[in-house]
Amino acid sequence: MSAAEGANQREIERVLVVGAGAMGSQIAMVFALAGHHVTIQDIAESGLTTARKQLEERMDTAVAKGRTSASAAQEALSRLSFTTDLGNAASAADFVIEAATERLEIKQQIFADLDRFAPPHAILATNSSTLGSSKVAKVTHRPEQVCNVHFFNPALVMKCVEVVRHPQTSQATVDIVMELVRKIGKQPVLINKEIPGFVANRLMGVLRDEALNLLGAGIASTEDIDTAAKTALGHPMGPFELMDLVGIDINCMIAEATYAETTDPADLPHPMLREMHQAGNLGRKSGKGWYTYER
Ligand code: NAD
């Protein structure tokens, strides 16, 4: 019996989320709402304070809108704990998902530490959008228990979770993770090979770049292209609205990271996206992107 199969038999109860930013905080809440005990770890105390406050506010809104009961929200919040101490948090974890800053050296240090502190049966996942898990698996002694578990933004709302195996990820790990994702109410999508952008972001990239080409050629306005995507294709948001939500900087960063892997010039950030980034128009977070936002 491999260590990962050991995790299966134990049931995954305790979850550790590393990184309390936009993704980590909501991923933690998803697990807590599904009944797991979750520790959120971050190097920045301020990040933990912000995450706690934002999650409390989100739960207040969910209760006010009748999406969850006050008692369920309160119970889920009470299953969350916050710490800066990675060693202690990892020592009790059955499943770890890392959602720290998108820098390889940061993630490799985290995975080396997790490998040291987490119990042998624990599965170690990364939420990275661009870094295949083989890059962090290689600093551990349990590469077969490492994979990408890629949530979408906002994690509390988006149903899809991409489970990406690297060449050494074991079938037992894949089975456990797919089942775990189902149990937390999400829809897992299995990706059998590490590939830059995985699946959903590759599809989105094609749509985004075509939207930019159409705008650049004066074929239609941002509003009309977004309207076509929503009312003809059934997308909940248009490509320009989505770029603003995700952040123009993040869009550029993902494209740069993809290009670094593929060296295919088609993967470089679209020139219009780059221009927007250089002008400091980052989307919702800066108050201006393709659209203007009240702050
Ligand atoms: P973010 O910048 O909002 O948060 C990152 C957090 O990591 C910060 O709170 C930071 O203090 C913390 N951190 C940095 N170094 C750390 C360390 N050594 N140990 C513990 N915590 C550390 O980033 P985000 O947008 O939440 O992205 C996190 C991950 O999720 C990235 O890998 C990114 O690729 C992935 N992702 C992001 C999105 C998105 O739309 N933002 C979507 C899917 C996946």
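Sequence order sets the numbering: in each chain, residues are counted from 1 along the sequence as written. Confidence filtering applies because this is a predicted model: local features only for residues at pLDDT of at least 70, side-chain atom pairs given and counted only at 80 or more, and all residues used for totals across whole chains, interfaces and linings. The basis for every side-chain value is the complete set of heavy atoms in the structure, and neither hydrogens nor water enter the calculation.

(A) Representation of the packing of helix H2 (residues 22-33) against helix H3 (residues 45-64) within the structure. Fitted lines through C-alpha atoms serve as axes, helices being fitted only where they are in contact, and the angles separating the N-to-C directions of these axes extend from 0 to 180 degrees. A run of H or I in DSSP becomes a helix once it reaches four residues, and a run of E becomes a strand once it reaches two; helices and strands are each numbered from the N terminus. Direction vectors running N to C along H2 and H3 enclose 50°, while the axes themselves pass 10 Å from each other. Judged on the interaxial angle alone, H3 and H2 are oblique. Viewed along their axes, H2 and H3 form a crossing whose handedness is right-handed. Of the residues in H3, those touching H2 at Ser25, Gln26, Met29 and Leu33 are Ala51, Leu55, Arg58 and Met59. Each angle is binned into one of four classes, with values under 35 degrees roughly parallel, values over 145 roughly antiparallel, values of 65 to 115 roughly perpendicular, and all other values oblique. Crossings are sorted by hand: turned counterclockwise from the far helix by less than a right angle, the near helix makes the crossing left-handed, and turned clockwise it makes it right-handed. In this analysis, two residues are considered to be in contact whenever any of their non-hydrogen atoms come within 4.5 Å of each other.

(B) Inspection of the site of the ligand at higher detail. One heavy atom within 4 Å of a molecule or strand makes the whole residue count as near it. Not every one of the 22 residues close to the ligand is listed here, only the nearest: Met23, Asp42, Glu102, Lys107 and Ser129. Distance and chemistry together define a polar contact, namely a pair of N or O atoms within 3.5 Å, with one atom able to donate a hydrogen and the other to accept it when in protein, and with adjacent residues in sequence counting only for side-chain atoms on both sides. Alanine 100 is positioned with one of its backbone polar atoms (N or O) 3.4 Å from an oxygen atom of the ligand. Residue lysine 107 places a side-chain N or O atom 2.8 Å away from an oxygen atom belonging to the ligand. In the complex, 79% of the free accessible area of the ligand, which totals 830 Å², lies under the protein chains. Here the term charged refers only to Asp, Glu, Lys and Arg, the term nonpolar to Ala, Val, Leu, Ile, Met, Phe, Trp, Tyr, Cys and Pro, and the term polar to all other amino acids, Gly among them. Here the residues of the shell around the ligand are counted per class, giving 10 nonpolar, nine polar and three charged. Each accessible area is a Shrake-Rupley estimate made with a 1.4 Å probe; only the visible protein chains count as cover when residues are assessed.

(C) Just the pairing of strand E7 (residues 160-164), in detail. The rule is simple: take the accessible area with a 1.4 Å probe, protein chains only, and divide by the maximum for that residue type; under 20% is buried, over 50% is exposed, in between is partly exposed. Where burial is concerned, most of E7 is hidden: four out of the five residues are buried. The sheet contact formed by E7 and strand E8 (residues 187-191) spans five bridges and is parallel. Considered in E8, the bridge of valine 163 is made with leucine 190. Here, any two strands with at least 2 DSSP bridges between them count as paired.

(D) Spatial organisation of the state of the cysteines. When two cysteine sulfur atoms lie within 2.5 Å, the pair is treated as a disulfide. Considering all chains together, one arrives at zero disulfides under this definition. With no disulfide of its own, cysteine 160 lies closest to cysteine 147 among cysteine sulfurs, the gap being 14 Å.

(E) Looking closely at the sheet that holds strand E3 (residues 80-83). Ordered by their spatial adjacency, eight strands build an open sheet running E3-E2-E1-E4-E5-E6-E7-E8, and the pairing between neighbours is mixed. A single partner strand is all that each edge strand has here, and the edge strands are E3 and E8. Averaged over all neighbouring strand pairs, the angle between strand axes comes to 25°, with direction disregarded. Summarising the sheet, strand E2 (residues 37-41) and E3 pair through four bridges and their orientation is parallel. Residue pairing across strands places valine 38 opposite leucine 80, the latter belonging to E3. Strand contacts of helix H8 (residues 171-183): strand E4 (95-98), strand E5 (123-126), strand E6 (146-151), E7 and E8, with the helix running at about 155° to E8, the strand carrying the most contacts.

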